[in-house]
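An overview of the molecular structure
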There are 2 protein chains.
Amino acid sequence: MRRTSRDIRVANRFEVMRHIIASATVSRQQVAGLTGLSFATVANLVGELLELGLLVEVGYQDSGGGRPRGLIAVNPAGGVLVGVDVAETYVHVEVFDPALTVLASVEEALHPDEARPEQVVAHILSSLRGALARAGAPHERVLGVGVSVPGQVDREGGVSVFAPNWDWHDVPLRGMLAASLDLPLYLDNPLRACAVAELWFGAGRGRDDVAVVNLGTGVGAGFVFGGALHRGATNSAGEWGHTTLVLDGRPCHCGSRGCVEAYVGAPGIMQNLRDLAPDSAMLHPQDQTATIRALAEGIAAGDPVAVKALAESARYLGVAIADLINLVNPEVVVLSSWVAGLLGEPLLAEVRAVAAERALTRPLAAAEITLCGIAGNPVSLGAATFALEQCLAGIGSRA
Amino acid sequence: MRRTSRDIRVANRFEVMRHIIASATVSRQQVAGLTGLSFATVANLVGELLELGLLVEVGYQDSGGGRPRGLIAVNPAGGVLVGVDVAETYVHVEVFDPALTVLASVEEALHPDEARPEQVVAHILSSLRGALARAGAPHERVLGVGVSVPGQVDREGGVSVFAPNWDWHDVPLRGMLAASLDLPLYLDNPLRACAVAELWFGAGRGRDDVAVVNLGTGVGAGFVFGGALHRGATNSAGEWGHTTLVLDGRPCHCGSRGCVEAYVGAPGIMQNLRDLAPDSAMLHPQDQTATIRALAEGIAAGDPVAVKALAESARYLGVAIADLINLVNPEVVVLSSWVAGLLGEPLLAEVRAVAAERALTRPLAAAEITLCGIAGNPVSLGAATFALEQCLAGIGSRA
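Predicted model, so just to flag it, every value in this text is computed and none were measured.

A separate point is the relation of the copies chain A and chain B. Between chain A and chain B, which share one sequence, the superposing operator has a rotation angle of 180° and an axial displacement of 0.0 Å; the RMSD is 0.0 Å. Expressed as a symmetry operation, the mapping of one chain copy onto the other fits a two-fold axis. Within chain A, the C-alpha atom positioned nearest to the axis of rotation is that of valine 246 of chain A, 2.4 Å from it. Interface overlap between copies is the fraction of interface residues in one copy that are interface residues in the other; for chain A against chain B it reaches 100%, indicating a shared surface.

This part is about the sheet that holds strand β4 (residues 80–86) of chain B. Residue and element names in this part refer to chain B. The five strands lie next to each other as β6-β5-β4-β7-β11, forming an open sheet whose pairing is mixed. The open sheet has two edge strands with one neighbour each: β6 (102–109) and β11 (185–188). The mean angle between the axes of side-by-side strands here comes to 15°, regardless of whether they run parallel or antiparallel. Examined bridge by bridge, strand β7 (residues 142–148) and β11 share four bridges and lie parallel to one another. Bridged to valine 147 within β11 is leucine 187. In the packing of helix α4 (residues 117–135) onto the sheet, the strands contacted are β4, β5 (90–96), β6 and β7, and the crossing angle to β6 comes to about 150°. Contacts from helix α13 (residues 378–394) reach β4, β5, β7 and β11, with the element oriented near 135° to β4.

This next bit is on the domain arrangement of chain A. Residue and element names in this part refer to chain A. Structurally, chain A comprises domain 1 (5–74), domain 2 (80–193 + 378–394) and domain 3 (205–371). The straight-line distance from the C-alpha centre of domain 1 to that of domain 2 is 30 Å. Taken residue by residue, the interface counts nine residues in domain 1 and eight residues in domain 2. Both sides together, the interface formed by domain 1 and domain 2 hides about 810 Å², and carbon and sulfur atoms give 77% of it. Its largest share of buried area at the contact with domain 2, domain 1 owes to Phe14, Ile21 and Leu54, together 50% of the area lost on that side. Counting across the interface, domain 1 meets domain 2 through zero salt bridges. If you tally residues by element for the side of domain 1 that touches domain 2, the top one is helix α1 (residues 5–23), at six residues. Along the lines of polarity and charge, the residues of the side of domain 1 that touches domain 2 split into seven nonpolar, no polar and two charged.

Our focus in this paragraph is the packing of aromatic side chains. Enumeration over the complete set of coordinates arrives at eleven aromatic pairs over all chains. Measuring from ring centre to ring centre gives 4.8 Å for phenylalanine 225 of chain A and phenylalanine 225 of chain B, while their planes differ by 10°; the resulting arrangement is stacked. Placement of the pair is phenylalanine 225 of chain A in strand β13 (residues 219–225) and phenylalanine 225 of chain B in strand β13 (residues 219–225), with the two residues belonging to separate chains. For phenylalanine 225 of chain B, a relative accessible area of 8% puts it in the buried group. Taken together, a centroid distance of 6.1 Å and an interplanar angle of 35° make the contact between tryptophan 200 of chain B and phenylalanine 201 of chain B tilted. You can call tryptophan 200 of chain B buried: its relative accessible area is 2%. By relative accessible area, which is 26% here, phenylalanine 201 of chain B ends up partly exposed.

Cut-offs and rules
- One numbering rule holds for all chains: residues counted from 1, following each sequence as written.
- Think of it this way: whatever chain is written first is A, whatever ligand is written first is 1, and the rest follow in order.
- In view of the model being predicted, local features appear only for residues whose pLDDT reaches at least 70, and side-chain atom pairs are presented and counted only at 80 or more, with totals across whole chains, interfaces and linings using the full set of residues.
- As a convention, hydrogens and water are excluded, and side-chain values are obtained from all of the structure's heavy atoms.
- Fitting of the copies onto one another was done by least squares over C-alpha atoms, counting residues only where both copies have pLDDT of at least 70.
- The contact rule is simple, with two residues in contact once any of their heavy atoms fall within 4.5 Å.
- A strand pair is defined by DSSP finding two or more bridges across the two strands.
- For helices the rule is a DSSP run of H or I covering at least 4 residues; for strands it is a run of E covering at least 2, with both sets numbered from the N terminus onward.
- A fitted line through C-alpha atoms represents every axis, and for helices the fit uses only the stretch in contact; the resulting angles, taken between N-to-C directions, go from 0 to 180 degrees.
- Note that the domain bounds reflect an automated or database-derived domain assignment.
- The term buried area denotes the loss of accessible surface (1.4 Å probe radius) that occurs when two parts are joined, taken as the sum for both partners.
- For salt bridges, the criterion is a side-chain nitrogen of Lys or Arg within 4 Å of an Asp or Glu carboxyl oxygen.
- Throughout this entry, Asp, Glu, Lys and Arg are counted as charged residues, while Ala, Val, Leu, Ile, Met, Phe, Trp, Tyr, Cys and Pro are counted as nonpolar. The remaining residues, Gly among them, count as polar.
- Planes of paired rings set the category: under 30 degrees apart is stacked, over 60 is edge-to-face and the rest tilted, where pairs are Phe, Tyr or Trp rings (Trp by its six-membered ring) whose centres lie within 6.5 Å.
- Partly exposed describes any residue whose relative accessible area lies between the buried limit of under 20% and the exposed limit of over 50%, with all areas from a 1.4 Å probe on protein chains only and scaled to the type maximum.

Below, the structure is given as structure tokens:
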């Protein structure tokens, strides 16, 4: 891929916007210092963002005798961004200002019998309208809507190519939404959304090589390589959940056997618990969330079965994370999504111990393993960040 | 990582040099057409390369009535590049002209009792001097020497951090060579060398996302992501040989168990054969090369044990390659190094069949699986290419 000066310009625009979001109020001179870009470049990029209304001038800073320096900030009235996290069990919509501060959110539960595309689309539309109403944001103020759906996504086409937990194949989700919603829509999956959220707002900030491991019903990894999202040839990269951990092991719903997901996805962790204690009261056969929550409570209470089920699950997860460390040599591995959120520090401690036994010394020493530190829902945040990136990337290509 | 206009300039210089090498004789206008760069940019970059002596003007092309167009080519007298492939069983040195055409080569065997750093260094020095003498190239014409050693390498420090098959730890190889050799020296490993060779001269040309799988005594992967080598945080990426295929499986010399390398490295393949037929005449316990060669001959002759040993080895390898396809979503997976060379098409056919069963549909459809098509030794070629890249990257930063 030949990089053009336009690519550089877009990357610099992202960098400037990231620093202004992080700094709240800042001068162009400070942004130049933070980014290493020239003052002229920063002034030029800031000019574009002011013109678009994403930034505002907010006063002057005394520069010690010289001409006072203009201060800039993200314009809270510059429009809104919407992030939609469609998961197996819920639809969660958040409305953000251009600094990615949450203005309002709505969540609707998805029942197990609501797996058909039109049912999911109806939930997306109603929760999105509800969230915009709560934020007091009319449609014309929406800069863009990012939608994350599980599984493999054709981003350009706006198609959910394959969502294994729902058995979706080639569902034209963007088209279905666009029929009722005249807004810029961007489709991607939670692996990519979490990775971009970490890159802009989390443990990935300022990092070149990052692996964000999503632990939910399904599992997967989002990668940042060389400071940019790694998508692969068909936006399918990161299917770590469907790499082999135990040759000829447990059957996986992908059709293969012994996949990482079969051991460390929520149903896999439930199976680990069932193998140890088939009659455990922690098991809620029809409710993954209740089971993982009961397991977390058991661990906190020192219940030996819970502690053992955690150790067993962390053994699988630690080996699979050591594999990632050996293979891609990241600076940081972030454990994200709801299973990591519920099992938290005890899971992290066990995983670190197993990975330390299994990874090679040099890549291990370089890899921080951490829990996701983003407040709120990183998938919605990441989906909205995609919408912001598209806004920024589009500057200059408009009429 | 913020990319600068200097990075772009270096990347464009690589691109222009690659196209001129591939085209033999070409005009600036043609290079502009091939690369998509502007004529002015190409003229500027070509000017620098002419000044450095890497290119020469070779005449004029009629432009159909207009001013004749100057033709350029790589300057065969522009200096020499040296690529050194240090493997467990040999040191192979090749001397190249700036178009990476081989001028001379020397190979010295490394006996199993010659694993100490000073022994290996002595072989590198003697074969390098021998190869330069054969090429008729005095030291002052050497533009740079790339050295590939197995294991983990600190490229900046020129240190072999860990070479498991020799039990090397923190061997300052560049310093040891520099004590006897006053030439620009660049150290890296065969994973990186094979990947850069494929990127410049093989199946990776013009591709963004490539996995080059090295099958030798050790195994590993070299990655190209977004058109550039992926090194990771500490130049350790690609330790695919030390990712888990069979949890708690065969012991691996890295200290872990069930690693890919324990099943598909040459000793692993020998073990697969031994498991099937402990007394097979194909087994040469002290000679990996002889065993793999005997296996290849057995396969060609339709020997049922050989065919079964291939199928078993390809089952492990195919699953491990399916894992790579699911994880990084490459456009092409290249099977490289001597085991892939000896087992060739029969191995490729089996691996393709297994990967097709195990990989997810979308990334599988995008991934071509192929044998290394580079004539000669891709590791020496890649090592010399590193030296060329350093030459090109250094333009303009000199006095």
